[in-house]
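Chain by chain, the residues:
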Amino acid sequence: MQVGCLSTLVVWVISWSVLTAHTTCTSQTSWTLTNGNASVEVSGTVPGGVYSDLLLADVLTGGDLYYRYNDLDYRWVAEENWTYTSLITGDAALLGHERVALIFEGLDTAARVLVNDEVVGTSDNMFVRYIYDVKQHLKESEDNTLQVEFESPVEYAARQYEAQAADYVVPPTCVDPASKGVCHANHIRKMQASFSWDWGPAFPNLGIWKEWHLTGWNTLLVSDVFFSAVPGTSLPSVPDHDLKPSWIVTVKVWCDAAVESGYIAGNVSITLANIYTQHQFINVTVKDYEAQMTFTFTTDEGQVEMWWPNGYGSQPLYDITVLWTDENQSETSSKSIRVGFRTVELNQDFVDSSDETKGRHFRVLVNNVTMFMKGSNWIPAHVLPESVTVDYTRYLLQAAADTHQNCMRVWGGGIYESDAFYEIADELGILIWEDFMFACSMYPANQNFLESVRREVTTQVRRLQHHVSILIWASNNENESALRDNWYGTSSNFEQYKADYILLYVDTVRNVTQDVDGTRSFVVSSPSNGIESEEEGYIAENPSSTLYGDAHYYNYMDDAWIGANTPRTRFASEYGFQSWPSLKTLKEVTIEEDWNSESPMMYHRQHHPGGQEELSLQIGLHMHLPPDDGSLKSFEDYLYLGQIHQAVAIKTETEFYRRGMSVLEDNGEGYTSGALYWQLNDIWQGASWASIEYGGRWKMLHYYARKFFSPLIVSLSQVNDDLNVYVISDLLEEVSDVVLKIDLYRYDQRHEVASYNTSLTVSPSEGNLVATLNLLQDLDIDNLCKEEEYDQKDVCFIVSHLTTVTDGSPAAPDNFLLLGKPKNGYIPHATVMVESISGPETTSKSNWTFTVKVTNDAISLFVWLEVDESGVFSDNGFLMTESQVDILFYSLSETTVDALQSSITVKSLTDTYSEGTVVHPATEAVVDDSFHPNDIRNILFV
């Protein structure tokens, strides 16, 4: 028996299996890539994809994939067929095994696999693990030809659409023209967003996008390991981080067998870290080349620590190793996984058992503790999966954890993410709401499609199930709403599409998932009413009911800084507003002629229908739109103002949801239990809802997220002439001896003109209204904010502080509320400067931490710092009432004071005005909030 090559074994130790079966050194295999008419021939990289190979070979001569119009100029790549060709060795040692197979962890997407010009298998699904038996096709030679012939995904999807349309059309027939995309993504099982989306480009890739192996074996190969653990005793509802209960552990092992059916005897060892080891001789039943084994054992009290989400405790992880040895001790195979010990529940009890019309909860309990889910939505970090590194994945997830996020939704139009993604989420305590990859479409329900989906769901749930971070499975993104609300003209044949929906998502996706993993909750769609949708036949009358399940809410017409129509939903799983990335990010893929909000390039990269008009409308409601004069300053101001709008809008909405955690209205609304904004990351340099730009630069929104997701916050809400002050806590213990201070400021005075103080004890895991102040009587804005020709609310703003009694240190981030609209306000021009930079020093966040001293000569709104170096500031986009603040810069790599000083810039809101100007409302055109966004160009702004 020969041992596989070391390079392959090292990879398998980490994320796959170690085996003593014969495995070809696939990492050393050379590949050639050719197109259908052989006019292009280059070296191929596996794992990888066609676009990456053509870029590397300079066939794509227009530069970076995302440069300017390359999403159109490179479209021809996806419209051709491509073949990867290699030579593989079939020696006597390999061919002497009972079974010899090619194992592909991922093929993207429609392909034929040939060995020595004979078809050994086909693929039609990017998300399926394929095993092709090749023993009878190989010869004992070093010159066996392996070819993987990929059909154009564009042509394949169109062909599948036409075949389906011969019976009835499964819509949509194409994406909105604003997306500049490719049609029929719903007819091919690959990344749906690779055909374009309203935040990303169309690059339908092709290739062997995951690892592959040529392997021979005689008994079993361990492929996947299932893990679940149930505490031996009930857990308390108040967490005890010293508690180390006993756990009843179930381990299920799936194996690829060398024979089609029968029995295989051998020994299995299960090892849990240095805590438990079990050895067992077993006769394994084989059916359809697959074997399953199930083992149970119990840990003693005190042996393992519990795993907690980010912000609630630590994230201890333990290795479990499964080792198979055949009865002759001639062949072994093993797999190691990392697991955590915790319980998780999606609770959907009635909120009022005496009045079921008030609806159901949709709340998450971890380790029997109810937790508010704070987080965001994840989209693919690049349109080409092979371009996403582990380091970049960790950077993005760490940025989420650093802003107090404990939950992330992997959106259903991308991919089931890499093993590294979930491993990092396990480490950081980020719970994952895992969508299956169906989004914003109807989908076929013919037998071939359903069988492909069964294999997909089986592959992915077996791969991911053991991750402690997986919170919930969800069948699709927005397809229940799309069907019920007739997004794609399905009402004319509603019963057919409903039957297809149930057949696909309930009878297939849900049933297969629950068969593999019965340990987690499953929802059929998002948004959905959860149990209520199921009771209504899986298509609720109102899938976005505020009394059940989760909701997606977008409103670009109302004033987002007020959010008066925001629904008090049970769980906000999507909400957001657009902005553009910084000029530093846009410069990577554009040229000077593009740097204008009205340039063709900006409209090309704006894939959301009406997005430019909506963004201008929202900016213009509160701030002055820069003049459309083609200047670089106007463009930079436009980008900056867009990020201000986005940050304040999502701050407003998130605080509204967090305030609702302890509220139950008479109509049943309230008890909001989660807020996941759309979206964390970007797929390219364009307009999007992301809080982190492509490449990793934080937008203003992400700095705001660090505050509005803080475990303890003060939230300010203005209702007519009343100021409602809430204190919201996710902490599991009471906070006593804190002082709440509410300051009233004028824009033209350095110090507060009025204050309100009170001592508080903050209850754990609640959001409470702690004070209601009348602006006219308690804060006297009629007198203190009086200024000729100005409304009092446009002259003043509010700042909150929550500090400890003992030493005056912050117990929560300062917060603010602008009583009026800055564009109408009496705001003197502020000169903000970087006075000095010192450092570096070593801190827990960076070995290169610098102190940036910022000064001003007047109150400054939305102070924004930028540098060329990669890194993060301790605060940004802030209101500066003091004359001096020290901000830390955490550099990601070694740099110097001189380097920072040469590139650092700072600006505040009045820098977008003409210097020295005091804005006067008489010169401001009135914006009618009811205007359609297309009318925005007819509004004159100063």
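The structure we're discussing is the one just above.
These numbers were taken from a predicted model, which means no experiment stands behind them.

Asks: Before we move on, could you go through the nonpolar core and cite the residues and values that matter?
Replies: Counting 201 residues, the largest nonpolar core has Leu102, Ile644 and Phe862 as the members making the most contacts within it. The element that contributes the greatest number of residues to this core is helix α15 (residues 632-659), accounting for 12 residues.

Asks: So what about the side chain of Arg409? Which residues, and what values?
Replies: Mapped onto the elements, Arg409 comes out in strand β25 (residues 407-410). Engagement of the side chain of Arg409 in a polar contact is seen with the side chain of Glu574, the distance being 2.8 Å. Sequence-distant contacts of Arg409, that is, excluding residues within four places in its chain, are made with Ser376, Asn377, Trp378, Trp433, Asp435, Asn477, Ser526, His552, Ser573, Glu574, Leu676 and Trp678.

Asks: Account for the packing of helix α14 (residues 611-622) against α15, with residues named and values stated.
Replies: In contact at an axis separation of 9 Å, α14 and α15 are set at 75° when each is read in the N-to-C sense. Relative to α15, the element α14 is oriented roughly perpendicular. Each of Gln612, Leu615, Ser616, Gln618 and Ile619 in α14 lies in contact with α15, whose residues at this interface are Tyr638, Leu641, Gly642 and His645. The residue makeup of the contact of α14 with α15, split by class, is four nonpolar, five polar and no charged.

Asks: Go over unusual backbone geometry with me, naming the residues and quoting the values.
Replies: Here Pro171 and Pro172 are connected by a cis peptide whose omega angle stands at 0°. Tracing the sequence through the fold places Pro172 in the loop between α5 (153-165) and β11 (195-197). Note the cis peptide between Gly839 and Pro840, where omega equals 5°. Within the secondary structure layout, Pro840 lies in strand β39 (residues 832-841). The phi angle at Asp117 is positive, at roughly 70°, despite the residue not being glycine. With phi around 55°, Phe862 is a residue other than glycine that occupies positive phi space.

Asks: I'd like to hear about the state of the cysteines, residue by residue, with values.
Replies: Taken as a whole and judged by the stated rule, the model has two disulfides. Two residues share a disulfide in this structure: Cys174 and Cys183, whose sulfurs sit 2.0 Å from each other. Between Cys174 and Cys183, the S-S torsion sits near -80°, and that sign places the bridge as left-handed. Disulfide partner of Cys785: Cys796, at an S-S distance of 1.9 Å. Between Cys785 and Cys796, the S-S dihedral sits near -110°, and the bridge is therefore left-handed. Residue Cys785 is found in the loop between α17 (781-784) and β37 (796-804), and its partner Cys796 is found in strand β37; the two are separated by 11 residues along the sequence. Free cysteine: Cys407, not disulfide-bonded; nearest cysteine sulfur from Cys440 at 19 Å. Left without a disulfide partner, Cys440 is nearest to the cysteine sulfur of Cys174, which lies 14 Å away. Residue Cys440 is classed as buried on the basis of its relative accessible area of 15%.

Asks: Please give an account of the packing of α15 against helix α16 (residues 700-708) that cites residues and values.
Replies: Two numbers describe how α15 lies on α16: the axes approach to 8 Å, and their chain directions differ by 25°. Considering their axes alone, α15 and α16 lie roughly parallel with respect to each other. Of the two elements, α15 crosses α16, and the hand of that crossing is right-handed. In this structure, α15 uses Tyr640, Gln643, Ile644, Gln646, Ala647, Val648, Ile650, Lys651, Thr654, Glu655 and Arg658 to contact α16, whose residues at the interface are Met700, Leu701, Tyr704 and Phe708.

Asks: Explain the sheet that holds β39 to me, and be specific about the residues and the numbers.
Replies: Read from one edge to the other, the open sheet built from four strands follows the order β39-β40-β44-β42, with strand pairing classed as antiparallel. The open sheet has two free edges, formed respectively by β39 and β42 (871-873), since each of these has just one partner strand. If you compare each strand with its neighbour and ignore which way they point, the axes differ by 20° on average.

Asks: Which residues make up the pairing of strand β7 (residues 111-115), and what values go with them?
Replies: Where burial is concerned, most of β7 is hidden: four out of the five residues are buried. Where β7 meets strand β8 (residues 118-123), five bridges bridge the pair, whose relative direction is antiparallel. Paired with Leu114 across the two strands is Val119, which belongs to β8. Turn length for the β7-β8 hairpin, with the two strands adjacent in sequence and antiparallel, is two residues, and the turn residue Asn116 shows positive phi of about 50°. Bridging between β7 and strand β10 (residues 141-150) involves five bridges; their strand directions are antiparallel. From the neighbouring strand, Val115 faces β10, where its bridge partner is Leu146.

Asks: Tell me about the environment of Val339, residues and numbers included.
Replies: Counting through the fold element by element, Val339 comes out in strand β20 (residues 332-339). Given a relative accessible area of 0%, Val339 falls into the buried group. Residues Val339 and Ser469 lie 130 residues apart in sequence; the distance between their C-alpha atoms is 9.3 Å. When sequence neighbours within four positions are dropped, the list of residues in contact with Val339 reads Phe227, Pro316, Leu317, Tyr318, Ile320 and His466.

Asks: Mind laying out the sheet that holds strand β21 (residues 344-347), listing which residues take part and the relevant values?
Replies: Within a sheet, adjacent strands bond to each other through the backbone by hydrogen bonds, running parallel or antiparallel. Across the sheet, which stays open at both edges, the three strands sit in the order β21-β22-β23 with antiparallel pairing between neighbours. Whereas interior strands pair on both sides, the edge strands pair on one side only; in this sheet they are β21 and β23 (369-371). Direction aside, the axes of adjacent strands within the sheet are offset by 35° on average. Bridge count between β21 and strand β22 (residues 363-366): four bridges; the pairing is antiparallel. Bridged to Val344 within β22 is Val366.

Asks: Can you break down the pattern of salt bridges residue by residue, with the values?
Replies: All told, the structure shown has 38 salt bridges when counted by the stated rule. Linking Glu456 and Arg189 is a salt bridge whose minimum nitrogen-to-oxygen distance equals 2.9 Å. With Glu456 in helix α8 (residues 447-464) and Arg189 in the loop between α5 and β11, this residue pair connects regions lying 267 residues apart in the sequence. There is no split in this pair, since Glu456 and Arg189 are both buried. Overlapping salt bridges bring together Asp124, Glu451, Arg454 and Arg455 as one network.

Asks: For the packing of aromatic side chains, give the residues involved together with the corresponding values.
Replies: Counted under the stated rule, the structure contains 52 aromatic pairs. With a centroid separation of 6.5 Å and an interplanar angle of 10°, the aromatic rings of Tyr392 and Tyr395 are classed as stacked. Highlighted residues: Tyr392 and Tyr395, both in helix α6 (residues 390-402), separated by three residues, approximately one helical turn. By way of ring pairs, the aromatic residues Trp31, Tyr84, Phe104, Tyr130, Tyr132, Phe150 and Trp212 are connected into one cluster. Of note, Arg605 hangs over the ring of Trp684, and the distance from its end group to the ring centre comes to 4.1 Å. The ring of Phe816 has Lys651 lying over it, and the distance from NZ or CZ to the ring centre is 4.7 Å.

Asks: Which residues make up α6, and what values go with them?
Replies: Between its terminal C-alpha atoms α6 stretches 18 Å, which fits the 18 Å expected from 13 residues at 1.5 Å a residue. Every buried residue of α6 is accounted for by Tyr392, Thr393, Tyr395, Leu396, Leu397, Ala399, Ala400 and Ala401. Against β24 (373-378), β25, α7 (419-428), α16 and β42 lie the buried residues of α6. Of the residues flanking the end of α6, it is His404, one or two places downstream, whose phi is positive at about 70°.

Asks: Describe α5, naming the residues involved and giving the relevant values.
Replies: For α5, built from 13 residues, the straight-helix expectation of 18 Å at 1.5 Å per residue is met to within 8% by its first-to-last C-alpha distance of 18 Å. Every buried residue belonging to α5 is among Pro153, Val154, Tyr156, Ala157, Tyr161 and Gln164, and all of these are buried. The arc that holds every buried residue of α5, seen down its axis, measures 165°, which confines them to one face. Facing away from the buried surface of α5 by more than 90 degrees, the exposed residues are Glu162 and Ala163. Each element contacted by the buried residues of α5 is listed here: β11. N-capping of α5 is provided by Ser152, with a side-chain oxygen placed 3.2 Å from the backbone N of Val154.

Quick notes on the rules
- Residues numbered from 1 in each chain as written.
- Predicted model: local features only at pLDDT ≥ 70, side-chain atom pairs only at ≥ 80, totals over all residues.
- Heavy atoms only, no water.
- Core = buried A, V, L, I, M, F, W, Y, C linked by side-chain atoms within 4.5 Å.
- Buried < 20%, exposed > 50% of the residue type's maximum accessible area, 1.4 Å probe, protein only.
- Helix = DSSP H or I, 4+ residues; strand = E, 2+ residues; numbered from the N terminus.
- Polar contact = N/O pair within 3.5 Å; in protein donor to acceptor, adjacent residues only side chain to side chain.
- Contact = heavy atoms within 4.5 Å.
- Axes fitted to C-alpha atoms, helices over the stretch in contact; angles between N-to-C directions.
- Parallel < 35°, antiparallel > 145°, perpendicular 65-115°, else oblique.
- Nonpolar A, V, L, I, M, F, W, Y, C, P; charged D, E, K, R; others polar.
- Disulfide = S-S within 2.5 Å.
- Left-handed = near helix turned anticlockwise from the far one by under 90°.
- Pairing = 2+ DSSP bridges.
- Salt bridge = Lys/Arg side-chain N within 4 Å of Asp/Glu carboxyl O.
- Phe/Tyr/Trp six-rings, centres within 6.5 Å; stacked < 30°, edge-to-face > 60°.
- Lys NZ or Arg CZ within 6 Å of the ring centre and 35° of its normal.
- Expected span 1.5 Å × (residues − 1).
- Arc of directions from axis to C-beta.

Any link to function would need more than the numbers given here.
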